[in-house]
Each structure stands twice: as structure tokens, then as C-alpha cells.
Amino acid sequence: DCGGFTCMFRAINDAGAAAPRVFSFSFGDPETERDDDVLVTDREFAKSVATGITLIASSGDDGGGYHKKHRKLITNYPPSSPYILAVGGTSFVEPSVIGAEQAVVGSYSAGGFSGVFSAPAWQRGAGAAYLKSGVALPPSGSFVSTGRGVPDISALSEGDGVDCWQIRYAHTDDGEPKHWGCMG
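Residues numbered from 1 in each chain as written. Predicted model: local features only at pLDDT ≥ 70, side-chain atom pairs only at ≥ 80, totals over all residues. Heavy atoms only, no water.

Draft legend 1. Structural context of the confidence of the model for the chain. Residues of the chain with pLDDT of at least 70 account for 74%, and the chain-wide mean is 78. Note that residues 161-172 has pLDDT below 50 and, in this model, 39 contacts with residues that lie over four places away or in other chains. (pLDDT = per-residue confidence, 0-100. Contact = heavy atoms within 4.5 Å.)

The following block contains the structure:
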């Protein structure tokens, strides 16, 4: 018998040409808390992507988690997988003004650097520049600065949703289906 993420993606891969071309999901766990299937599931993600399937996942809604045992900030899996297009959230710098946006601080998005997957070549320069930019960072040593950066893209997501001239998503798990719609 098969359970969990791995079986779901095996079934998608087994469907062959009948499988969807874009698959969007909003589930996951802190990557270090998954003791059963991260690398096995990632092999299934690799198979999906190799057949032309785009996998999109929300980065999470609870910020970077602190793993007490490892004493590190961690990000969520599957968004930390290099085979996933991870969608995070932004908020307006001034909540009452539609204008400049910033990364969401707190509970409406998540992100950081993977402790499982290394940064792909296309992220290394941007990641290094970000770390040197002067932005406020967690204490040195509390995260893996060479890991894959999450999220890949972001959508306006803070709060419970507001009608305005821009689309405003309520959480990152609201944002990722909208990106799926644009890509489908």
C-alpha cells in the first residue's frame, strides 16, 4: 500500500498523457519534519516535470518555522523542491494605500532557504546579492544561506482580501491557484 504525497504523484505520473499539464496544490510540512518521503517524492516531481507538467505550490502561511532540534529556521516542503514553482505573498508597505509592496511578515506567507535542497545555479547570484543587500536577516547561523530560495514568485496576499484595482489574495494558498490559471 502507498500513502502520502509520493503515491499521489506516482498516480499522476502513471496517468501519462491523460495527466493534467499544470498541477497546483496548497499543502506541505516543514521540510525537516517529513521523515518518510521528501527525496522519494522529489523523484516523482522530477518525473512529472520531465513530461512537461508544471507543479505549483503555495509557500505556506506561517512564516519560516524554527526547528527546535536542529536550531534552524526552515521552510516548507514541497515548495522547497527544485521541481516546484513556489508562490509566496506580499503586502502593501502602507496597508491603507494601494502602492508599493513588501514581503509579508508574519502569518500570511512563508519562505526562506531550504536546508535539504541546494540553490539551483539560476538562484545563486540573486541569493548572494539578497544576503548582502543590507536587508534585516535572522541571526547568522539560524538558517542555511546556500539552500534553494523560496518562494520563486509572489502575489499580493496579506489580510482577508480587499476589493481594489489589483487582485488581492487572502493567503498564499489563494494566490497559487490564480498563478495556475495564468499558466494553464
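Read on for the rest.
Draft legend 2. Highlighting the nonpolar core. Counting residues in hydrophobic clusters, the biggest one holds 13 residues, and the most contacted among them are F9, F23, F25 and L55. If you list the elements that add at least two residues to this core, you get helix 1 (4-14), strand 1 (22-25), helix 2 (38-50) and strand 3 (54-58). In this structure F9 touches F23, F25, F27, T41, E44, F45 and L55, once residues within four positions along its chain are discounted. (Core = buried A, V, L, I, M, F, W, Y, C linked by side-chain atoms within 4.5 Å. Buried < 20%, exposed > 50% of the residue type's maximum accessible area, 1.4 Å probe, protein only. Helix = DSSP H or I, 4+ residues; strand = E, 2+ residues; numbered from the N terminus.)

Draft legend 3. Summary view of helix 2. Here helix 2 spans 18 Å end to end across 13 residues, near enough to the 18 Å set by a 1.5 Å rise per residue. All buried positions along helix 2 are accounted for by V38, T41, D42, E44, F45 and S48. Along the axis of helix 2, the buried positions cluster into a sector of 155 degrees, meaning they face one direction only. Residues of helix 2 that are exposed and angled more than 90 degrees away from the buried face: L39 and A50. Lining the buried residues of helix 2 we find helix 1, strand 3, strand 6 (76-77) and strand 9 (112-118). G52, located one to two residues past helix 2, shows a positive phi value of around 95 degrees. (Expected span 1.5 Å × (residues − 1). Arc of directions from axis to C-beta.)

Draft legend 4. Looking closely at the environment of P138. When you line up the elements, P138 lands in the loop between helix 3 (121-132) and strand 10 (147-150). The class for P138 is partly exposed, based on a relative accessible area of 34%. The spacing of P138 and L73 is 65 residues in sequence and 8.6 Å in space, taken between C-alpha atoms.

Draft legend 5. Broad picture of the packing of helix 1 against helix 2. With their axes 9 Å apart at the nearest point, helix 1 and helix 2 run at an angle of 20 degrees to one another. Judged by the inter-axis angle, helix 1 sits roughly parallel to helix 2. Seen along the crossing, helix 1 lies across helix 2 with a hand that is left-handed. Contacts from F5, T6, F9, R10 and N13 in helix 1 reach V40, T41, E44, F45, K47 and S48 in helix 2. Looking at side-chain class alone, the contact of helix 1 with helix 2 contains four nonpolar, four polar and three charged residues. (Axes fitted to C-alpha atoms, helices over the stretch in contact; angles between N-to-C directions. Parallel < 35°, antiparallel > 145°, perpendicular 65-115°, else oblique. Left-handed = near helix turned anticlockwise from the far one by under 90°. Nonpolar A, V, L, I, M, F, W, Y, C, P; charged D, E, K, R; others polar.)

Draft legend 6. Region of the structure containing the packing of aromatic side chains. Counted by the stated rule, this structure contains eight aromatic pairs. Ring geometry for F25 versus F45: centroids 6.4 Å apart, planes at 25 degrees, classification stacked. Of the two residues, F25 is situated in strand 1 and F45 in helix 2; the sequence distance between them amounts to 20 residues. With a centroid separation of 6.1 Å and 25 degrees between ring planes, the pair formed by Y77 and F117 is classed as stacked. Here the residue Y77 occupies a position in strand 6, and F117 occupies one in strand 9, the gap between them amounting to 40 residues. Y77 gets classed as buried once you look at its relative accessible area, which sits at 0%. A connected cluster of aromatic rings, assembled from ring pairs, spans F9, F23, F25, F45, Y77 and F117. (Phe/Tyr/Trp six-rings, centres within 6.5 Å; stacked < 30°, edge-to-face > 60°.)

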